[in-house]
Amino acid sequence: FQEFHKSLARHGHTPLVLGNGQHGTYGGLGSKPRLLKAAIEKGLIKTDYVIFTDCWDVVFASSPEDILEKYLHTHGHGDAPIVWNAEKNCFPNADLASQHPETESPFKYLNSGLAIGKTSDFYAALVEMKADTIPDDHRGVDGKMVEPIDQNNWMELLCGGATWMKLDNWCEFFQTLTEVGLHELSFKGKHIENVVTKSFPMVYHANGPSKENPVTKLILNHLKL
């Protein structure tokens, strides 16, 4: 969390953090779509475009302005998709793996921790998703914990929803780190290169167990975080 804020502060940005008590209450992963929808409805997000990201396992290597500039250069100012970071695992619903767009990249599947797109498109997707009906973590009638995972909701929209969404399969913008080995990244230059996708990711996401991955520590060191 500290590294997340530091990586943005060096670019002159203070992020809007949702679910911290001031702007809603975090109730588990299922509350993320609900919190974003409420923030848009309340006018907390005043920009035409938004980078929607987790804040406990993400660091920025580039400024939000540079990310937006590349996004607009790649996708244009008109009918542009929501672009999600992609990971190697189809989680939590492996049955949706075959419905993801085909790619030769190892980063095949949607990860809901990092995305960029039009604020209006995010809102349309959240309405389509019926985000308000996704519950917080809770105990079911059998006493067992029920922990909704928003990644499943976003996957379902990618595979069959009306909102245009794409995956950053080639890590042009975002790099997830689960199951990424040292041999896949080069730290030789100023910018870290993904030698598999031949790209220079602009944001790094230590999703899942990769928070303890030596690669993550190397990235933080390289970025002086």
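Caption draft 1: Spatial organisation of the sheet that holds strand β5 (residues 82-87). Taken in spatial order, the four strands of this open sheet run β3-β6-β5-β9, and their pairing is mixed. If you trace the sheet from one side to the other, it starts and ends with β3 (49-53) and β9 (165-168), each paired once. Strand-to-strand, the axes of this sheet are offset by a mean angle of 30 degrees, without reference to chain direction. In terms of strand pairing, β3 meets strand β6 (residues 109-118) through five bridges, oriented antiparallel. Bridging across to β6, V50 finds its partner in G117. Against the sheet, helix α4 (residues 119-129) engages β3, β5 and β6, with an angle of about 130 degrees to β6.

Caption draft 2: Molecular detail of the sheet that holds strand β10 (residues 174-176). A sheet is described by the order of its strands in space; here three strands give the open sequence β4-β13-β10, paired in mixed fashion. Looking at strand neighbours, the two that pair on one side only are β4 (58-60) and β10, the edges of this open sheet. Across the sheet, the mean angle from the axis of one strand to that of its neighbour is 15 degrees, orientation sign disregarded. Sheet topology places β10 next to strand β13 (residues 203-205); three bridges connect them, and they run parallel. From the neighbouring strand, T176 faces β13, where its bridge partner is H205.

So, how was this worked out
- Residues numbered from 1 in each chain as written.
- Predicted model: local features only at pLDDT ≥ 70, side-chain atom pairs only at ≥ 80, totals over all residues.
- Heavy atoms only, no water.
- Pairing = 2+ DSSP bridges.
- Helix = DSSP H or I, 4+ residues; strand = E, 2+ residues; numbered from the N terminus.
- Axes fitted to C-alpha atoms, helices over the stretch in contact; angles between N-to-C directions.
- Contact = heavy atoms within 4.5 Å.

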